[in-house]
Amino acid sequence: MTRIVSGFAGSLALQVPKSGTRPTSDRVREAIFSALEARDAVHAARVLDLYAGSGALGLEAASRGAASVTLVEKNAAAAAICRRNADAVTRAARSGARPHVDVRASSVQLALATATGPFDLVFLDPPYDLGDAELLAALQALVPLLAEDATVCIERSTRDGEPTLPPGLELLRTKAYGETAVHYAVPA
């Protein structure tokens, strides 16, 4: 079962699409957010969650104090689940402290072409079979939308190695959790 790990919606169970997604485990999400909170990258952040799946990463950020979250998911059934999960998380917040959560049912490229930044925190958790060229194109489109002190988290299989980063992004560090590698990048 996937659930929110911490924050105002801690322990809230999230729905997960029946197929086509690979939710980030609670253990990996907890590790990611420990690293991000050590950098003070979550509180009041504008968050973009690309290839959102169930929305767990973006909604975890919302529960931990992000100001706004945009979930982008191309699969219509998964986007509907993102909406239901977003509704559940925002209902769990105190009425005066509800984060704004927007769900966009579109491709990552279209969402990036029409997005207005700046974003402080971005998650990219694409399917493991997504090619390097497509990931690089998404990262290139993302660079102009980043805040000066943004953090970008890219989740990939450990077998894929480090992602190719476009000009404007530099790798800060990589951390492996079993089969999952999380690459943290920042504006260059």
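Calculation criteria
- Residues numbered from 1 in each chain as written.
- Predicted model: local features only at pLDDT ≥ 70, side-chain atom pairs only at ≥ 80, totals over all residues.
- Heavy atoms only, no water.
- Helix = DSSP H or I, 4+ residues; strand = E, 2+ residues; numbered from the N terminus.
- Rg over C-alpha atoms; globule rule 2.2 N^0.38 Å.
- Buried < 20%, exposed > 50% of the residue type's maximum accessible area, 1.4 Å probe, protein only.
- Contact = heavy atoms within 4.5 Å.
- Areas by Shrake-Rupley, 256 points an atom, 1.4 Å probe, with all protein chains shown as cover.
- Salt bridge = Lys/Arg side-chain N within 4 Å of Asp/Glu carboxyl O.
- Pairing = 2+ DSSP bridges.
- Axes fitted to C-alpha atoms, helices over the stretch in contact; angles between N-to-C directions.

Q: Looking at this model, I keep getting lost on the overall build of the protein chain. Mind explaining?
A: For the protein chain, the helix and strand inventory stands at five helices and nine strands. Element order for the protein chain, N to C, with α for helix and β for strand: β-β-α-β-α-β-α-β-α-β-α-β-β-β. Here the C-alpha atoms of the protein chain give a radius of gyration of 15 Å, agreeing with the 16 Å that 2.2 N^0.38 yields for 188 residues. By the burial criterion, 49% of the 188 residues in the protein chain qualify as buried. Summarising the internal contacts of the protein chain: among those between residues at least 6 apart in sequence, 65% fall at separations of at least 24. If you sum the accessible surface of the protein chain, you get close to 8,600 Å²; carbon and sulfur atoms cover 49% of it.

Q: For this particular structure, what's the right way to read unusual backbone geometry?
A: Outside of glycine, negative phi angles account for most residues, and trans bonds account for most peptide bonds. Gly 117 connects to Pro 118 through a cis peptide bond whose omega is 0°. Checked against the element boundaries, Pro 118 lands in the loop between helix H4 (108–114) and strand S6 (119–124). The phi torsion at Asp 40 lies on the positive side, around 55°, for a residue other than glycine. Tracing the backbone through its elements, the reader meets Asp 40 in the loop between helix H1 (26–38) and strand S3 (46–50). With relative accessibility at 61%, the residue Asp 40 sits in the exposed group. Positive phi is not limited to glycine here, since Ala 44 has a value of about 65°. Note on placement: Ala 44 falls in the loop between H1 and S3.

Q: Where do I start with the pattern of salt bridges in this structure?
A: Pairs may arise between side chains of opposite charge once their charged atoms sit close together. This model, assessed by the stated rule, comprises eight salt bridges. The closest approach of N and O atoms between Arg 64 and Glu 60, which form a salt bridge, is 2.7 Å. A residue is classified by how much of its surface remains accessible, and Arg 64, at 14% relative accessible area, is buried. For Glu 60, a relative accessible area of 0% translates into the label buried. With a closest N to O distance of 3.6 Å, Arg 156 and Asp 160 form a salt bridge. Overall, the relative accessible area of 33% leaves Asp 160 in the partly exposed class. Overlapping salt bridges, with partners in common, bring together Arg 3, Asp 26, Arg 29, Glu 37, Glu 60 and Arg 64 in one network.

Q: Please explain the environment of Leu 171 as it appears in this structure.
A: Inspection of the secondary structure puts Leu 171 in strand S8 (residues 169–177). Taking the relative accessible area as the measure of exposure, Leu 171 reaches 29% and is therefore partly exposed. For Leu 171 and Thr 116, which are 55 residues apart along the polypeptide, the C-alpha to C-alpha distance reads 24 Å. Those residues in contact with Leu 171, other than ones at most four positions away along the chain, are Glu 162, Leu 165, His 183, Tyr 184 and Ala 185.

Q: Could you clarify how one ought to interpret the sheet that holds S8 in this entry?
A: The pairing of strands in a sheet happens through backbone hydrogen bonds and is either parallel or antiparallel. In spatial order, the strands read S5-S4-S3-S6-S7-S9-S8; together these seven strands make up an open sheet with mixed pairing. Here the strands that pair on one side only, and so sit at the sheet edges, are strand S5 (100–104) and S8. Averaged over all pairs of adjacent strands, the angle between their axes in this sheet comes to 15°, without regard to strand direction. In this sheet, strand S4 (residues 68–72) lies alongside S3 in parallel orientation, the contact comprising five bridges.

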